[in-house]
Amino acid sequence: MKVLLFGRNPATVSRVTAALSAAGFAADGVASEEAALSRLGVVDALVLGAGVVGSLRERLVAAAVRHGVLWVQGPHILPERDAREYVRTEILPKLRPSRRARTS
């Protein structure tokens, strides 16, 4: 599964993207809206960071839905939290293939 992570903090994006890759996903991470929107046509899932809110979140979710891309939003990750554990417990359960959109 090709996963795109979009978050507002580049350091967190890097850590979580590496953890997604370690979990077996073809993962890429971006920190700009333009970069995220340009990649939606070639990914299976979009993971939004906790800081992606408001109209930014609305635009990205609408674009993901238009492209038929599964989207999920992860909770906040503290800097000291292990990124692999975060992906395993917070993100992987949300990336079930049967879920095509998420409303929260």
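Residues numbered from 1 in each chain as written. Predicted model: local features only at pLDDT ≥ 70, side-chain atom pairs only at ≥ 80, totals over all residues. Heavy atoms only, no water.

Engineer: Describe the side chain of lysine 94, listing the residues and the values that go with them.
Structural biologist: Here lysine 94 is to be found in the segment after helix 4 (83-91). One buried charged residue, lysine 94, remains without a salt bridge, the closest side chain of opposite sign being glutamate 90 at 5.5 Å. (Helix = DSSP H or I, 4+ residues; strand = E, 2+ residues; numbered from the N terminus. Buried < 20%, exposed > 50% of the residue type's maximum accessible area, 1.4 Å probe, protein only. Lys, Arg positive; Asp, Glu negative; His and termini not counted. Salt bridge = Lys/Arg side-chain N within 4 Å of Asp/Glu carboxyl O.)

Engineer: Can you tell me about the sheet that holds strand 1 (residues 2-6), naming the residues and giving the values?
Structural biologist: Pairing between sheet strands relies on hydrogen bonds along the backbone, with the strands arranged either parallel or antiparallel. The strand order 2-1-3-4 describes an open sheet built from four strands, whose pairing is parallel. Among the strands making up the open sheet, the edge pair consists of strand 2 (26-30) and strand 4 (70-73). Geometrically, the sheet is characterised by an average inter-axis angle of 20° between neighbouring strands, direction not taken into account. Strand direction decides the pairing type here: strand 1 and strand 3 (residues 45-48), joined by four bridges, are parallel. The partner of phenylalanine 6 across the bridge, within strand 3, is leucine 48. (Pairing = 2+ DSSP bridges. Axes fitted to C-alpha atoms, helices over the stretch in contact; angles between N-to-C directions.)

Engineer: With reference to specific residues and values, describe the packing of helix 1 (residues 10-22) against helix 4.
Structural biologist: The N-to-C vectors of helix 1 and helix 4 enclose an angle of 70°; their axes lie 8 Å apart at closest approach. With respect to helix 4, the element helix 1 is oriented roughly perpendicular. The segment helix 1 lies against helix 4, with Arg15, Val16, Ala19, Leu20 and Ala22 engaging Ala83, Arg84, Tyr86, Val87 and Ile91. Among the residues forming the contact of helix 1 with helix 4, the class breakdown is eight nonpolar, no polar and two charged. (Parallel < 35°, antiparallel > 145°, perpendicular 65-115°, else oblique. Contact = heavy atoms within 4.5 Å. Nonpolar A, V, L, I, M, F, W, Y, C, P; charged D, E, K, R; others polar.)

Engineer: If you had to explain the pairing of strand 1 to someone new, which residues and values would you point to?
Structural biologist: Of all five residues that make up strand 1, four are buried, and the element is covered over most of its length. Of the pairings in the sheet, the one linking strand 1 to strand 2 comprises five bridges and is parallel in character. Bridge assignment links leucine 5 to a residue of strand 2, and that residue is glycine 29. Between the parallel elements strand 1 and strand 2, the chain passes through helix 1 in a crossover that is right-handed. (Right-handed = clockwise from strand over helix to strand, strands pointing away.)

Engineer: Before we move on, could you go through the environment of valine 3 and cite the residues and values that matter?
Structural biologist: Its location among the elements puts valine 3 in strand 1. A sequence separation of eleven residues divides valine 3 from serine 14, and the C-alpha atoms of the two residues are 13 Å apart. With residues near it in sequence (within four places) discarded, valine 3 still touches Leu20, Phe25, Ala26, Ala27, Asp28, Ala45, Val47 and Leu95.

Engineer: Can you break down helix 3 (residues 54-66) residue by residue, with the values?
Structural biologist: In a regular helix each residue adds 1.5 Å, so 13 residues correspond to 18 Å; helix 3 covers 19 Å between its end C-alpha atoms and thus fits that length. Residues Leu56, Leu60, Val61, Ala63 and Ala64 constitute the buried set of helix 3. Along helix 3, the residues classed as buried sweep out an arc of 160° about the axis, all on the same side. Among the exposed residues of helix 3, those oriented more than 90 degrees off its buried face are Glu58 and Arg66. Those residues of helix 3 hidden inside the fold are in contact with strand 1, helix 2 (33-39), strand 3 and strand 4. Two residues or fewer past helix 3, glycine 68 is found with a positive phi of approximately 70°. (Expected span 1.5 Å × (residues − 1). Arc of directions from axis to C-beta.)

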